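# Topology and contacts: notes
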Amino acid sequence: MPTKTEVKSNTITLRGSSQIVAEFFEYSINTILYQRGIYEPELFHTVTKYKLKLMITKDKGLVDYLKNLNGVRTECMQTEWLEKGMVQKLVLIIASVDTEETLERWVFDVQKDEKTEKEGKTGKKSEKKIMQEIQAVVRQITSSVTMLPLLEEPCEL
């Protein structure tokens, strides 16, 4: 009798401007897809971002898919939705191609600075501080991957 696979969940908290957070989502999703082996390594190339070497897809089909999830131009909508406070979480699901069972769930929590928002001010955070926080999250993704079991079946997001 088959047993239900435990779904691995990783929660990551993000703070920063909507444009920075939206851009960060793109790099984070690519990092997870590469690190977890969801797509062939040949579909990725190295870029330097946030003073880190990151893998990002060079496959036009995958780029288009990621930019148009559910028929929505995600880079525009993410920024707009983030600015309006409509996004509290971004969830990346990795599922089995054969069974459609969820194997991993990557959760990115988005937190607004309520105090700054109530006062009608724009938050001021140094570029260095933002960079350090992003680097820490990318390192958290990478270290989480090392603790997860290998995905030995075809997967999709």
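Residues numbered from 1 in each chain as written. Predicted model: local features only at pLDDT ≥ 70, side-chain atom pairs only at ≥ 80, totals over all residues. Heavy atoms only, no water.

## A look at the overall build of the protein chain
The condition that has to hold: Put simply, DSSP H or I for four residues or longer makes a helix, DSSP E for two residues or longer makes a strand, and each gets a number counted from the N terminus. Summary of the burial criterion: residues with accessible area below 20% of their type's maximum are buried, those above 50% are exposed, and those between are partly exposed, where the area comes from a 1.4 Å probe applied to protein chains only. Residue contacts are defined here by distance: any two heavy atoms, one from each residue, within 4.5 Å place the two residues in contact. Each accessible area value is a Shrake-Rupley result obtained with a 1.4 Å probe; residue values ignore everything except the protein chains displayed when judging cover.
A tally of helices and strands in the protein chain yields five helices and six strands. Secondary structure of the protein chain in N-to-C order comes out as β-α-β-β-α-α-β-β-α-α-β. The burial tally for the protein chain puts 36% of its 157 residues in the buried class. Partitioning the intrachain contacts of the protein chain with sequence separation of at least 6 by distance along the chain shows that 65% fall at a separation of at least 24. Here the protein chain has roughly 10,100 Å² of accessible surface; of this, 52% comes from carbon and sulfur atoms.

## With respect to the confidence of the model for the protein chain
Our working definition: The predictor attaches a confidence to each residue, and that confidence, scored 0 to 100, is pLDDT.
Residues at a pLDDT of 70 or more form 73% of the protein chain, whose mean pLDDT is 78. Mean pLDDT per element in the protein chain: strand β1 (residues 8–14) is the minimum at 47, and strand β2 (residues 44–49) is the maximum at 94. Confidence drops under pLDDT 50 across residues 1–14; counting only partners more than four residues distant or on other chains, this segment forms 40 contacts.

## What to know about the side chain of Ser96
Applicable threshold: A 3.5 Å cut-off defines polar contacts: any pair of N or O atoms within that distance qualifies, except that in protein one atom must be a possible hydrogen donor and the other a possible acceptor, and neighbouring residues in sequence count only when both atoms are side-chain atoms.
Assignment of secondary structure puts Ser96 in strand β4 (residues 89–96). Polar side-chain contacts of Ser96 include one of 3.1 Å to the backbone nitrogen of Thr99. When sequence neighbours within four positions are dropped, the list of residues in contact with Ser96 reads Glu101, Leu103, Glu153, Pro154 and Glu156.

## Let's talk about the packing of helix α1 (residues 18–35) against helix α5 (residues 127–147)
Quick reminder of the rule: Only the stretch in contact is used when a helix axis is fitted, and all axes are lines through C-alpha atoms; the angle between N-to-C directions ranges over 0 to 180 degrees. Every angle not falling under 35 degrees, over 145, or within 65 to 115 is termed oblique; those three ranges are roughly parallel, roughly antiparallel and roughly perpendicular. The sense of a crossing depends on the near helix, which, turned anticlockwise from the far helix by less than a right angle, makes the crossing left-handed and, turned clockwise, makes it right-handed. Here the nonpolar group is Ala, Val, Leu, Ile, Met, Phe, Trp, Tyr, Cys and Pro; Asp, Glu, Lys and Arg are the charged ones; every other residue, Gly included, is treated as polar.
Where α1 meets α5, the closest approach of the two axes is 10 Å, and the angle between their N-to-C directions is 20 degrees. In this view, α1 runs roughly parallel relative to α5, as classed from their interaxial angle. Seen from above, α1 lies across α5 with right-handed handedness. Residues Ile20, Phe24, Ser28, Thr31, Ile32 and Gln35 of α1 form the contact with α5, whose participating residues are Ile130, Ile134, Val137, Val138, Ile141, Thr142 and Val145. Along the lines of polarity and charge, the residues of the contact of α1 with α5 split into nine nonpolar, four polar and no charged.

## Things to note about the environment of Ala95
The residue Ala95 is located in strand β4 in this model. You can call Ala95 buried: its relative accessible area is 10%. On a C-alpha basis, the gap between Ala95 and Cys155 in space is 5.4 Å, while along the polypeptide they are 60 residues apart. Once residues within four sequence positions are removed from consideration, Ala95 is found in contact with Glu100, Glu101, Thr102, Leu103, Pro154, Cys155 and Glu156.

## Overview of the nonpolar core
Put simply, the rule reads: Take the buried residues of types Ala, Val, Leu, Ile, Met, Phe, Trp, Tyr and Cys, join any two whose side-chain atoms come within 4.5 Å, and each joined set is a nonpolar core.
Phe24, Phe25, Ile32, Tyr50, Leu82, Trp106 and Phe108 are the most contacted members of the largest nonpolar core, which has 35 residues in total. Contributing elements (two or more residues each) for this core: α1, β3 (52–57), α2 (60–67), β4, β5 (102–110) and α5. Per element, the largest residue contribution to this core is eight residues, and it comes from α1.

## Some details on the pairing of β4
Applicable threshold: Note on pairing: DSSP must find at least two bridges between two strands before they are called paired.
Sheet analysis places β4 next to β5, joined by seven bridges and oriented antiparallel. In the sheet register, Leu92 faces β5, and the bridge partner there is Trp106. Taken together, β4 and the strand that follows it, β5, pair antiparallel across an intervening segment of five residues, in which Glu100 is found at a positive phi of about 60 degrees. Strand direction decides the pairing type here: β4 and strand β6 (residues 155–156), joined by two bridges, are antiparallel. When the bridges of β6 are listed, Ala95 appears paired with Glu156.

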